[in-house]
Number of protein chains: 2
Amino acid sequence: MKENNTPGKSNVKEVRQKAILDLIASEKIATQNDLSRRLEESGFPVTQATISRDIRELRLVKVAEAGGNYHYAVGKSEDKYQASNKFHSIFTASVVKIDYVNNMVVVTCYTGMAQAVCACIDSLEWQGLVGTIAGDDTILIITRDDNTAKEIATTLKSIK
Amino acid sequence: MKENNTPGKSNVKEVRQKAILDLIASEKIATQNDLSRRLEESGFPVTQATISRDIRELRLVKVAEAGGNYHYAVGKSEDKYQASNKFHSIFTASVVKIDYVNNMVVVTCYTGMAQAVCACIDSLEWQGLVGTIAGDDTILIITRDDNTAKEIATTLKSIK
DNA sequence: ATAAAGATGGTATAATAATTCAATAAAAGT
DNA sequence: ACTTTTATTGAATTATTATACCATCTTTAT
């Protein structure tokens, strides 16, 4: 396990991905090679392959604009996530236990926190997630299939 | 100039593009070739080139999902309904997510908004809609049959 | 009716993006 | 320390997507 949380570490990838977000926000980037060039100018010499992977992780999309040009942009769900960036702190502060069975995930929270945590989970717009119900201290997540439930549970556990 | 407004004409391209929107709303399409195959099954035999052009015109985007797969989706700015009517503003301001399974549609809203959104949906007097139940942030719509659920979900998504 | 102009879509190919494979380095476990 | 695991990345390659070019069809104008 690497778990690069070390405060003193440079964490190249994360910084580069922030730079990518800045770049696509401030100018029209049409291709990954364009992005590669601009990144190099900003001090991040990386190849197209790495950019492809960054774009996947950042959930960026390539949209057509009038006139037949294309540019990269942040996807729908990413906007909402940024709007409520408190996901992580609410989540870690409130979640007690995560378990799953069949196509359901049960998230146990401290009393009164389930609604807030559930809103956080909803904001992620998980694919394969059919719906969520939150009581006072428990959230039920219903997924499309058993495997998705497992994946969501695993991911939530990794956040916690 | 062609301007195919002729009422009696079939207008292949437009119908095909609607079919594309339906397809990407109801299943996960990863590549244009996938889409080509599914379209052919639906009675629209077209090549990848045409799909590339349709995707540009429809402003569709390819997004990454957790697990490293990709799928096509409608872009952010693809709102079709007029901004002025009450339904639209309440709906877009409150609805977070729409999904369906079997003969049920689940509409997820920001906390506290589900009742208001549900009233909007009820006001449409959808035929094939059996009943609705709204909690604080989730609406369950029960339909007569599976296909109606799909249709309602697709239409609601196109509004959002 | 014939011509001109625009639209549509296929074929082939160019351009772009995703992935496989291997190398390296950093962490974690023993 | 040393072995193992995991993360990150580039080079090369494969896969996917966009487009240049051409043919065909529809509409509009003459």
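Predicted model, so just to flag it, every value in this text is computed and none were measured.

Concerning the overall build of chain A
In step 1: A count of helical and extended segments in chain A gives 7 helices and 6 strands.
In step 2: Out of the 160 residues in chain A, the part that is buried amounts to 36%.
In step 3: Pairs at least 24 apart in sequence give 50% of the contacts found in chain A among residues at least 6 apart.
In step 4: Accessible area for chain A stands at about 8900 Å²; split by element, carbon and sulfur atoms hold 51% of it.

With respect to the environment of Asp137(B)
In step 1: Here Asp137(B) is to be found in the loop between β5 (129–134) and β6 (138–143).
In step 2: Classification of Asp137(B) by relative accessible area gives buried; the value is 8%.
In step 3: Asp137(B) sits 42 residues away from Val95(B) along the chain, and the two C-alpha atoms are 9.0 Å apart.
In step 4: Sequence-distant contacts of Asp137(B), that is, excluding residues within four places in its chain, are made with Gln115(A), Asp122(A), Val107(B), Thr108(B), Cys109(B), Tyr110(B), Thr111(B) and Ala114(B).
In step 5: Reaching out from Asp137(B), the side chain makes a polar contact with the side chain of Thr138(B) at a distance of 3.0 Å.

Focus on helix α3 (residues 48–58) of chain B
Residues and elements named next belong to chain B.
In step 1: Of all the residues in α3, the buried ones are Thr 50, Ile 51, Asp 54, Ile 55 and Leu 58. Along α3, the residues classed as buried sweep out an arc of 140° about the axis, all on the same side.
In step 2: Those residues of α3 that are buried are in contact with α1 (12–26), α2 (32–41), β1 (60–65) and β2 (69–74).
In step 3: Positioned one or two residues after α3, Arg 59 has a phi angle of 60°, which is positive.

A look at the packing of helix α1 (residues 12–26) of chain A against helix α2 (residues 32–41) of chain A
Residues and elements named next belong to chain A.
In step 1: At a minimum axis separation of 11 Å, α1 and α2 run at an interaxial angle of 115°. Relative to α2, α1 is oriented roughly perpendicular. Crossing geometry of α1 relative to α2 is assigned as right-handed. Between α1 and α2, the residues in contact are Arg 16, Ala 19, Ile 20 and Leu 23 and Leu 35, Arg 38 and Leu 39, respectively.

Structural notes on α2(B)
All names here are of chain B.
In step 1: For α2, the full list of buried residues reads Gln 32, Leu 35, Ser 36 and Leu 39. Projected onto a plane normal to the axis of α2, the buried residues spread over an arc of 105° and lie on a single side.
In step 2: At its buried positions, α2 is contacted by α1, α3 and β2.
In step 3: Positioned one or two residues after α2, Gly 43 has a phi angle of 90°, which is positive.

Points about the confidence of the model for chain A
All names here are of chain A.
In step 1: Looking at chain A as a whole, its pLDDT mean stands at 76, while 77% of the residues score no less than 70.
In step 2: Per-element averaging of pLDDT across chain A places helix α4 (residues 76–83) at the bottom with 45 and α2 at the top with 92.
In step 3: Here residues 1–10 is modelled with pLDDT under 50, and outside its nearest four sequence neighbours on either side it reaches 3 contacts, counting other chains as well.
In step 4: Note on residues 78–87: pLDDT is under 50 here. Beyond four places in sequence and across chains, it has 17 contacts.

Examining the pairing of β6(B)
All names here are of chain B.
In step 1: Taken together, the 5 bridges between strand β4 (residues 104–109) and β6 define a ladder with antiparallel strand orientation. If you follow Thr 108 over to β6, its bridge partner there is Thr 138.
In step 2: Linkage of β5 to β6, two consecutive antiparallel strands, is achieved through a turn of 3 residues.

Quick notes on the packing of aromatic side chains
In step 1: Applying the stated criterion to the full structure yields 0 aromatic pairs over all chains.
In step 2: Geometry around Tyr70(A) places Lys62(A) over its ring, the cationic atom sitting 5.2 Å from the centre.

A closer look at the pattern of salt bridges
In step 1: By the definition in use, this model includes 16 salt bridges over all chains.
In step 2: Notably, a salt bridge pairs Arg144(A) with Asp99(B), separated by 2.7 Å at the nearest N-O pair. Taken together, the positions of Arg144(A) in the loop between β6 (138–143) and α7 (146–159) and Asp99(B) in strand β3 (residues 95–101) put the pair across two chains.
In step 3: Residue Asp99(B) is classed as buried on the basis of its relative accessible area of 9%.
In step 4: The salt bridge partner of Lys97(B) is Asp99(B), with a shortest N-O separation of 3.8 Å.
In step 5: Linked through salt bridges whose partners overlap, the residues forming this network are Glu27(A), Arg38(A) and Glu41(A).

Thresholds applied
- Residues numbered from 1 in each chain as written.
- Chains lettered and ligands numbered in written order.
- Predicted model: local features only at pLDDT ≥ 70, side-chain atom pairs only at ≥ 80, totals over all residues.
- Heavy atoms only, no water.
- Helix = DSSP H or I, 4+ residues; strand = E, 2+ residues; numbered from the N terminus.
- Buried < 20%, exposed > 50% of the residue type's maximum accessible area, 1.4 Å probe, protein only.
- Contact = heavy atoms within 4.5 Å.
- Areas by Shrake-Rupley, 256 points an atom, 1.4 Å probe, with all protein chains shown as cover.
- Polar contact = N/O pair within 3.5 Å; in protein donor to acceptor, adjacent residues only side chain to side chain.
- Arc of directions from axis to C-beta.
- Axes fitted to C-alpha atoms, helices over the stretch in contact; angles between N-to-C directions.
- Parallel < 35°, antiparallel > 145°, perpendicular 65-115°, else oblique.
- Left-handed = near helix turned anticlockwise from the far one by under 90°.
- pLDDT = per-residue confidence, 0-100.
- Pairing = 2+ DSSP bridges.
- Phe/Tyr/Trp six-rings, centres within 6.5 Å; stacked < 30°, edge-to-face > 60°.
- Lys NZ or Arg CZ within 6 Å of the ring centre and 35° of its normal.
- Salt bridge = Lys/Arg side-chain N within 4 Å of Asp/Glu carboxyl O.

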